[in-house]
Amino acid sequence: MEKIKNIAINVAKLAAIPVVVYLIFWVLCRSQGVTTFGVGVDLRVILRNTVYTGFIALAVSYNLTSGRFDFSIGSTLILSTILGSMITLHFNLGPVALLLFSLLFGALIGMFSGLVYTALGLPPMVVTLGLAMIYEAVGFKITGGSGVKLIGKSKLLIWSQQPYVYILCVVIVAILYILLNRTQFGFDTQSLKGGQEIAVNVGIKEKKNAIICFAIGGFCMAVAGVVNLSVLGTITPEISLGSASYIQNAFMPMFIGNILAKYFDRNTGVIIGALTQSIIFAGIGKLGVPSAWQSVITGIIVLVFFAYSFNAYRITEFQTFKEKRKIALEEKAGEA
């Protein structure tokens, strides 16, 4: 019973942030006469954007939390989706095949990035910067620069529609939850996050873990790519590191997710962070705030979460001090 109670409390804490943010923007929008925020089509767009940005943030988080920044994940999204789409069209397959082939290529491209990184022993940003340029060139070459267009093929573009986008999110996050919390890979990842040198000294294989992290990152980017393809109906190759733009909105969900991880799981926390960000962006858009201010507001929110995460122990210390002081005063009053 106590365990169920603790789970319920933690779920409530996870849900509190997006709920509070939603209510704040709902009140602000209503006060300005805007009644379309967070309802109907707008709510569906918020949830769809949550899945898209959430998986990009998850892809970044699996390497960044271990001190590696994968600069190639944007190009991985593009190339894996292009390859999955081309095979699907060539063999006249359906939406499930489009998803599975894209996920397979995403994982394989990510694994290849991990293998190159561990083989060369260079800083991850240097390695992945070069790989990003290679992946962009491959995507541009095999499509002749025109990309892949699925506009008009509505049967293939179901992964941004409800309920498919929600089912996709729940299934993939559940798989990631098991990987991170119920497997040897997850235990090794947590150990390496706490201290790589100590973890390696006790026998954890850092290189193997890094390759798996890169593969998961590519897998997650492929999920985001399929959702994005289903929205736009086309995937266009980038050159000159234009693919880096895909990760610009990944950091707030990731930071929020790392803070919320203690209440349930990092994967779930990142998705909650993505939901919070999507609500903020939707609210700002409905209020007519200029796009430049969106970056300012995003930066302020990230700083607030950073300040809280780095000073949370002080709040705990203060609460402990108050409790001890109260007990001491009660004991003194009893003696008197």
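Located above this text is the structure these notes cover.
Just so it is clear, the model here is predicted, and its values are computed rather than measured.

(A) Highlighting the overall build of the chain. Across its full length, the chain carries twelve helices and two strands. When the helices and strands of the chain are read in sequence order from the N terminus, they spell out α-α-α-α-α-β-α-α-α-α-β-α-α-α. A compact globule built from 336 residues should have a C-alpha radius of gyration of about 20 Å, and the chain, at 22 Å, falls within 12% of that. Projected onto its principal axes, the C-alpha coordinates of the chain cover approximately 90 × 60 × 40 Å. Taken over 336 residues, the chain has a buried fraction of 44%. Looking at the chain as shown, the accessible area adds up to about 17,200 Å², and 68% of this sits on carbon and sulfur atoms. Separation of charge centres in the chain, based on 25 positive and 14 negative side chains, amounts to 9 Å.

(B) Spotlight on the packing of aromatic side chains. Per the counting criterion, the structure on display carries eight aromatic pairs. Between Trp159 and Tyr164, the aromatic rings sit 6.3 Å apart at their centres with planes inclined by 75°, giving edge-to-face as the arrangement. By relative accessible area, Trp159 is classed as buried at 10%. With a relative accessible area of 36%, Tyr164 lands in the partly exposed category. Linked through ring pairs, Phe69, Phe71, Phe251 and Phe255 together constitute an aromatic cluster. Sitting over the ring of Tyr62, Arg266 keeps its end group 4.7 Å from the ring centre.

(C) Structural context of the environment of Gly139. The topology assignment puts Gly139 in helix 5 (residues 124-143). For the pair formed by Gly139 and Glu238, sequence separation is 99 residues and the distance between their alpha carbons is 7.9 Å. Look past the residues within four positions of Gly139 in its chain and what remains in contact with it is Leu79, Ile82 and Pro237.

(D) A look at unusual backbone geometry. That bond from Gln162 to Pro163 is cis: its omega, 5°, falls within 30 degrees of zero. Among the secondary structure elements, Pro163 is positioned in the loop between strand 1 (148-149) and helix 6 (164-181). Although it is not a glycine, Ser240 adopts a positive phi angle of roughly 55°. When you line up the elements, Ser240 lands in the loop between strand 2 (234-235) and helix 10 (251-260). Taking relative accessible area as the criterion, Ser240 reaches 71% and is therefore assigned exposed. Positive phi, close to 65°, is recorded for Leu241, a residue that is not glycine.

Reading guide: rules and limits
Residues numbered from 1 in each chain as written. Predicted model: local features only at pLDDT ≥ 70, side-chain atom pairs only at ≥ 80, totals over all residues. Heavy atoms only, no water. Helix = DSSP H or I, 4+ residues; strand = E, 2+ residues; numbered from the N terminus. Rg over C-alpha atoms; globule rule 2.2 N^0.38 Å. Buried < 20%, exposed > 50% of the residue type's maximum accessible area, 1.4 Å probe, protein only. Areas by Shrake-Rupley, 256 points an atom, 1.4 Å probe, with all protein chains shown as cover. Lys, Arg positive; Asp, Glu negative; His and termini not counted. Charge placed at Lys NZ, Arg CZ, Asp CG, Glu CD. Phe/Tyr/Trp six-rings, centres within 6.5 Å; stacked < 30°, edge-to-face > 60°. Lys NZ or Arg CZ within 6 Å of the ring centre and 35° of its normal. Contact = heavy atoms within 4.5 Å.

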